[in-house]
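Overview (structure and organization)
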Amino acid sequence: MNRGYQQRRHYAIKAIKAYGEGVAHLEDIIQSITITLIDDITKQDGRPMDVDQLLYGFLCCVMASLLYGEEYAYDDPVCQSISKMTAEVLKAIDPVSLGSLLDSFPVLFRQNIFLKETLMQIQQTQNYVNETLHKKITEYKAEFDENCLKGILDQLILIQKQEVGTDDPVMDDGTIQGIMMDLVVGGMETSHTVLCQAFHDFFHEPDLQKRLQDEIDSQFEPSHIITLKDRPNLPLLQAYIYENLRYKTVLPILVPHRAIRDTKLAGYKIPANTFVLVNAFYTSHNPSVYKDPFTIKPERFLDEHGTVVPPGHPARYNSVGLSFGSGMKGCIGKNLAESRIFLFLANILQKFTVLPDGNLLDRDVRNYKLVTILRPPSLSAKFIRRQ
Ligand code: HEM
């Protein structure tokens, strides 16, 4: 595997670990963003809200705080640039899922089969994103203080400084830019579709929503703001999150892989350098592991005592275990993604009952649009304040 890639990945993981996980400051920021979100929704007084807008708002604010270490309002240019980046990337990969096709079959690039216009669109997006990130990197470098590292960008600048004078440094500004771009692209739409799926599930199955709310009510006072420490007390919610990840399978064929050595798998010989696509959708809906695979049943992930089953259990191993990929190309934002999804759902369900605005939409995953990521239809919702 390419050394530059490995090193970049290693640094990205280091920066996320240092800032994004287990750091009280970030959790404080996410909590404050959640409180603002609850206030904003409450002000709507049950009037219909566009769920996409709401989710992108929340996720952009969290992503901005992760990257830059400060809290920004959704209408702040920093959050807006993340929102625009995400929208532009989605737009670029949308037409007949061309981006996905080019990702999976890069040989098509060489054969010049596709319209120049689409490739130009991808280039334009790239330029916009590069410009936005370049400005932020310049600004943060000018104000850099080693004793007060604010976010992932500061962590990456620190690594760049530590590399000065070493043989073969990799962290130039382009690499910093690339890592930040990877985090935005990898972290936004994936989490968005999981949360969007949750709204579909709550609308189609009000009883599921009620059971999740009952679990929350049995554990906490209404005024309590749910934090990550509360996770072990909400096994049904955790099991539902796993079921959501299984049912929807965010990236049904993960991202393209390559065999790094001659391999034997299930009796098949796979020579080194073979291009490999993993069918995670199949393993997540395999009827011999999941009875009625196209129904939502959080109980699959609970044992007879109502405890979440361990990672090696077949239900987890075959779906959630694979939803984030694994090995040298596995998702580097897994823990962060799971934490954000938990915090959002727990706090929203504690404070509101969500109702559909109009007719129910199709939530059969087999009919979803595939834009590299499987996307449920957009929807709007009414949030009725509880108690
Ligand atoms: C529900 C949310 C998410 C899901 C389902 C998800 C899933 C995945 C999957 C399947 C891969 C490819 C793994 C493989 O093919 O082996 C991946 C890669 C990646 N993810 Fe995530 N992801 C999520 C959230 C995030 C978040 C929040 C971030 C960052 C903040 C992130 C950053 C990345 C990056 C940078 C890669 C590329 C890793 C590499 O190629 O070295 N993801 N993700």
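Residues numbered from 1 in each chain as written. Predicted model: local features only at pLDDT ≥ 70, side-chain atom pairs only at ≥ 80, totals over all residues. Heavy atoms only, no water.

1. Some points on empty space enclosed by the protein
Using a probe with the size of a water molecule, rolled over the atoms, empty space left in the structure can be pinpointed. In total, this model carries 2 cavities of 30 Å³ or more according to the counting rule given. Taken as a whole, the largest cavity encloses approximately 40 Å³ of empty space. In terms of lining residues, the largest cavity is bounded by Glu27, Ile30, Gln31, Thr34, Ile226, Leu343 and Asn347. Elements represented by at least two residues in the lining of the largest cavity include exactly helix H2 (24-43) and helix H14 (334-351). Of the residues contributing to the lining of the largest cavity, the split by class is 3 nonpolar, 3 polar and 1 charged. (1 Å grid on protein atoms, 1.4 Å probe; cavity = no way out; pocket = protein on both sides within 12 Å on 5 of 7 lines; lining within 4 Å. Points joined across faces, edges and corners; volume = space filled by probe spheres on them. Helix = DSSP H or I, 4+ residues; strand = E, 2+ residues; numbered from the N terminus. Nonpolar A, V, L, I, M, F, W, Y, C, P; charged D, E, K, R; others polar.)

2. Section: the nonpolar core
Counting residues in hydrophobic clusters, the biggest one holds 104 residues, and the most contacted among them are Phe199, Phe344, Leu345 and Phe383. Those residues within four positions of Phe383 in sequence are excluded, and the remaining contacts are Ile41, Gly46, Met49, Leu54, Phe199, Ile348, Phe352, Thr353 and Val354. (Core = buried A, V, L, I, M, F, W, Y, C linked by side-chain atoms within 4.5 Å. Buried < 20%, exposed > 50% of the residue type's maximum accessible area, 1.4 Å probe, protein only. Contact = heavy atoms within 4.5 Å.)

3. Observations regarding the coordination of the iron atom of the ligand
For the iron atom of the ligand, the protein contributes exactly one donor atom, Cys331 (SG), at 2.3 Å. Along the chain, Cys331 falls in the loop between helix H13 (314-323) and H14. (Donors = N, O, S within 2.8 Å, 3.2 Å for Na, K, Ca; no water.)

4. With respect to the site of the ligand
For the ligand, the set of nearby residues contains 28 residues, the closest of which are Tyr5, Arg9, Val255, His257 and Cys331. Val255 places a main-chain nitrogen or oxygen 3.2 Å from an oxygen atom of the ligand. At the level of elements, helix H1 (3-20), helix H9 (173-204) and H14 are the ones that each hand at least two residues to the shell around the ligand. Here the shell around the ligand is composed, by residue class, of 14 nonpolar, 10 polar and 4 charged. (Near = heavy atom within 4 Å. Polar contact = N/O pair within 3.5 Å; in protein donor to acceptor, adjacent residues only side chain to side chain.)

5. Here we look at the pattern of salt bridges
Two side chains carrying opposite charge are able to pair once their charged atoms lie near each other. As enumerated under the stated definition, the model contains 18 salt bridges in all. Asp173 is paired through a salt bridge with Lys141; the nearest N and O atoms lie 2.6 Å apart. Of this pair, Asp173 sits in helix H9 while Lys141 sits in helix H7 (residues 116-142), and the two are 32 residues apart along the sequence. With its nearest N and O atoms 3.9 Å apart, the salt bridge here joins Asp207 to Arg211. Here Asp207 pairs with Arg211, and both are found in helix H10 (residues 206-219), just 4 residues apart, close to one helical turn. (Salt bridge = Lys/Arg side-chain N within 4 Å of Asp/Glu carboxyl O.)

6. Comments concerning the environment of Pro169
You can see Pro169 is positioned in the loop between helix H8 (152-163) and H9. For the pair Pro169 and Tyr74, spaced 95 residues apart in sequence, the C-alpha separation works out to 36 Å.

7. A closer look at the layout of surface pockets
If you add up the space inside the second largest pocket, you get close to 410 Å³. Along the wall of the second largest pocket there are 17 residues; nearest its centre are Leu37, Asp40, Gly57, Phe58 and Tyr74. Tallied by class, residues from the lining of the second largest pocket come to 10 nonpolar, 3 polar and 4 charged.

8. A short note on the pairing of strand E9 (residues 380-385)
Pairing of strand E1 (residues 49-50) with E9, which is carried by 2 bridges, proceeds in the antiparallel orientation. When the bridges of E9 are listed, Met49 appears paired with Ala381. For strand E6 (residues 352-356) and E9, the ladder comprises 5 bridges, and the chain directions are antiparallel. Residue Pro356 lies in a different strand from E9, and its bridge partner there is Ala381. (Pairing = 2+ DSSP bridges.)

9. A word on the UniProt feature "binding site: heme" (unreviewed entry) in the chain
This chain's UniProt record puts "binding site: heme" (unreviewed entry) on Cys331. On the basis of relative accessibility, which here comes to 39%, the residue Cys331 falls in the partly exposed class. (UniProt positions renumbered as here; feature names shortened; annotations may be inferred.)

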